[in-house]
Amino acid sequence: MILLTTSRRPTQSIRTFCRDLARSIPDVVRINRGKLSLDGIVEKALEFNADRVVIIDRWNGRPAKIELFIMGPAGLTQVPPLFYIASVRSQREFEAKIKPVKSLAITTSTENSPKALKIAESLSSFLKFPLLLVEDAASKHQVSMHVSSNASQYTQITFTLFPERVEVGPRITISDVVWEMSK
């Protein structure tokens, strides 16, 4: 189980983004953080039997960072990668609508940059969903979290509904990825 929350004082766009992610990724529980400290988040994670935590942080009122944590005996431990977000398009900006997802695969293609492939592998490992080629995922899963490189050399994460292969959102454009976590 994954606990999804925000930084303190989230804006409406961050709350919408979190709601979209919770709807698009199975086994995610979203909570409103409010004034919870990191210790409070640990308590909530234990309450929901969550072994992983995702925190969406803000900058200038918009989603800016995705931080990944695992639960350990000493509490939360941040794990790489740390994603810096260039932009987000919410689900309501797409024509196709989606119900909460029951089956998800992380997909990529062999033509992607090594950076996009590494991000797909790390997301697969953290989220505990299979990493497949699109053709293989279409027959077995409801939705694909597709990791690709765009023309600007940014990495994009898009959610695609199968079997129609129509994008349902959210679409996350990653501007930078930090692989080394400082202590």
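Preceding this paragraph is the structure being described.
Analysis parameters
- Residues numbered from 1 in each chain as written.
- Predicted model: local features only at pLDDT ≥ 70, side-chain atom pairs only at ≥ 80, totals over all residues.
- Heavy atoms only, no water.
- Helix = DSSP H or I, 4+ residues; strand = E, 2+ residues; numbered from the N terminus.
- Buried < 20%, exposed > 50% of the residue type's maximum accessible area, 1.4 Å probe, protein only.
- Salt bridge = Lys/Arg side-chain N within 4 Å of Asp/Glu carboxyl O.

(A) Broad picture of the environment of V177. Of note, V177 is situated in strand β11 (residues 171–178). Look at V177 and you get buried, because its relative accessible area is 10%. With 96 residues separating them along the chain, V177 and P81 place their C-alpha atoms 6.2 Å apart.

(B) Layout of the pattern of salt bridges. Counted under the stated rule, the structure contains 7 salt bridges. In this structure, the salt-bridge partner of D51 is R52, at a minimum N-O distance of 3.0 Å. Note that E93 and R89 form a salt bridge whose closest N and O atoms lie 3.4 Å from each other. With relative accessibility at 44%, the residue E93 sits in the partly exposed group. Connected through shared salt-bridge partners, D51, R52 and K128 make up one network.

(C) Quick look at unusual backbone geometry. Going from P80 to P81, the amide bond is cis rather than trans, its omega being 5°. A cis geometry characterises the amide bond from F162 onward to P163, with omega recorded as 0°. If you trace the backbone, P163 turns up in the loop between β9 (155–161) and β10 (166–167). Of note in the backbone geometry, D27 takes a positive phi value of approximately 60° without being a glycine. Looking at the secondary structure, you find D27 in the loop between α1 (12–24) and β2 (28–30). The phi dihedral of N49 is positive, around 55°, even though this residue is not glycine.

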